[in-house]
Amino acid sequence: MSGKHRVVAAIDFGTHGTGFAWAVVNEINRDMTQREVFFFDQWSQELAYAKNLSALLLDRDGNLEEWGYAAEELWHTEGSATGRRYVSGYKMALQRNLSHEGRARVGGGDGVVSETADDVQDLIRMCLRQVYRKAVDLIERGGIYKEDDIRWCVTVPAIWDSYTADLMYQTACQAGLPDDRERLILSLEPEAAALYCIVKGEQALQRPGQIFMVVDAGGGTVDITSYRVENGRKLSQLATANGSKAGSNYLNRYFVTEVLCDRFGSSFIEKVSEHHATDLYELVRKWEGLKRAVTVTGAKPLMLPLTAQMYALVSQDPSALARFEERQGGVVTAIVISADEVRAVFEKVVATVVDEVREQTARMRTNGGSDGGEIAILVGGFAESPYLQERLTAHFTEQKMRLHIPPRPSAAVMAGATHFAYDPSVIRARRAPLTYGVATSMSFREKVDPKAKRLTDEDGKVLCTDRFDMFVCNGDPVDSDSYERRIYVPVHSEQTGLEIQIYATRDTEPEYTTQAGVDHMASLSISLAKSMHLPRDERAVEVRMFFGESRVRVEAKNMESGESTTAEIKWKPTW
């Protein structure tokens, strides 16, 4: 990938927080271990932190009124009296099979305020636009660089499907970022974290042959991948990514569902969430502060004092008050959470993280040929949790692996994405997450292919329809600069274009696109208008598909004229 950019900038859009970093393209910065990456950390007057909250405050018409810490403060002080809505934790709702259905709840992990991807895109667009404007303002401030000098990188979870990653790219463009493949790229979050760890991590991570795992534990998800260090500090992915919705925000969700609903009853919490959201939010915020010190070995009861307003609401509901008194043994001025309850809330999230790590460990060792001595890197905002650190340390010790937590783990993805934007070739190879191919017609195989798929073309050749023409196989390594090439011709002479249907499956040897487990993923339209003067079998189109990049790319060319044809993949959701 080439370009005339003079600055690279990365936006790490997270479930909990969002920020940006940048670096100047010059001779001094060519060596990634010496590269200077700049952060903006003045989002709040109270603390220096590289991320602002991803939260949005919307007016009654759905327009953005404020965002980040300022939105939180305004919501906390003025609430919803003017019809405002406070929205947070909405990122993972972009891919619906990873999000829970239903309306938002204060303290919920998703924060979904609508049931359509379009509305979630609009929320993400609002947030990205604010970050983009701030980044451009800072980079242009010295008068040396302009927006046109910047190559941008936006981070996405590795467990997102191609459709959702493409939605993110479109949303970034709607927010003002350039719709230009040379100037806007996507970076997989654990991949970016891996680059950061090579720069800021141990010397072992710069040694060719070293195998390591990245556990990116953020607010919304845990995203896990593994790599081998190659010569020149390049990385090859060893196994496809896995993960789930097990970020730190779900500790808040379970605090509400497992603790508050137990103390007051679900109907009372529903009512408070609907009509007194700021009071519920205040309880969640207090829990947010207390949970950061929870450990496995030192778990102890936690006490959350009730605000006067919350106590008044409970007192006005005889059923909720009676339940609260019974559950608390008569204590009604504070919520007392036993050590066992605290542990249970954490385990509902952390146990999932450990299970996902165990799965990636097996994949990594199968493909990497190792059986101990690997390094595990823990990054992301949730990486700062002592409870998570203790649980993973115990697991990795058992697996003969060593856990490393780099400096500023919450900024790892942001910094690493900046390094990726500077030189995308640093990722030498990725693993195909699925088997990809297209529906095509091939020679009919007697006694093998179903008679219902038998077709005779204009030249009398007997074909089998719906055959799966494989481009790349699930789990196969794919070099970042390589591509798969196919030549296609129309079946009928009157065809003025080729409509290529792209399919995917977890199966490694699919025969037909109609078989169970094969999903239609995308459509690819290629015009043949300038080739219609040629015989049908000479209207050949070369299709190249690049699977080794963070965003699947397609190029098509008319073989007769050499003219390039624009081919856009319209991904379909897998949910």
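That block above? That's the structure.
The model shown is predicted, which means the values in this text are computed figures rather than measured ones. (Residues numbered from 1 in each chain as written. Predicted model: local features only at pLDDT ≥ 70, side-chain atom pairs only at ≥ 80, totals over all residues. Heavy atoms only, no water.)

Caption draft 1: Structural view of the packing of aromatic side chains. Counted by the stated rule, this structure contains 19 aromatic pairs. Each ring, one from W43 and one from W67, has its centre 5.5 Å from the other, and the planes form 75°; the classification is edge-to-face. Linking W43 in the loop between β3 (38-39) and β4 (52-53) with W67 in strand β6 (residues 64-67), this pair joins segments that are 24 residues apart in sequence. Overall, the relative accessible area of 14% leaves W43 in the buried class. Using a relative accessible area of 10% as the deciding quantity, one classes W67 as buried. An aromatic cluster is present here, built from F20, W22, F38, F40, W43 and W67 joined pairwise through their rings. (Phe/Tyr/Trp six-rings, centres within 6.5 Å; stacked < 30°, edge-to-face > 60°. Helix = DSSP H or I, 4+ residues; strand = E, 2+ residues; numbered from the N terminus. Buried < 20%, exposed > 50% of the residue type's maximum accessible area, 1.4 Å probe, protein only.)

Caption draft 2: Inspection of the nonpolar core at higher detail. In this structure, F20, W152, M168 and L177 are the most contacted members of the largest nonpolar core, which totals 56 residues. The leading source of residues in this core is helix α2 (residues 117-140), at twelve residues. When residues no more than four places from it in sequence are discounted, the contact partners of F20 are A10, I11, F38, F39, F40, W43, A50, V131, K134, A135, L138 and M414. Judged by nonpolar contacts, the second largest core, of 54 residues, contains I211, V256, F268 and F396. (Core = buried A, V, L, I, M, F, W, Y, C linked by side-chain atoms within 4.5 Å. Contact = heavy atoms within 4.5 Å.)

Caption draft 3: Geometry of helix α10 (residues 339-368). Look at α10: 41 Å from first C-alpha to last across 30 residues, which is about the 44 Å you get at 1.5 Å a residue. Within α10, the axis deviates most sharply at E347, by approximately 40°. Immediately downstream of α10, the backbone of G369 shows phi near 70°, a positive value. (Expected span 1.5 Å × (residues − 1). Bend = angle between axes of the 7 residues up to and from the residue.)

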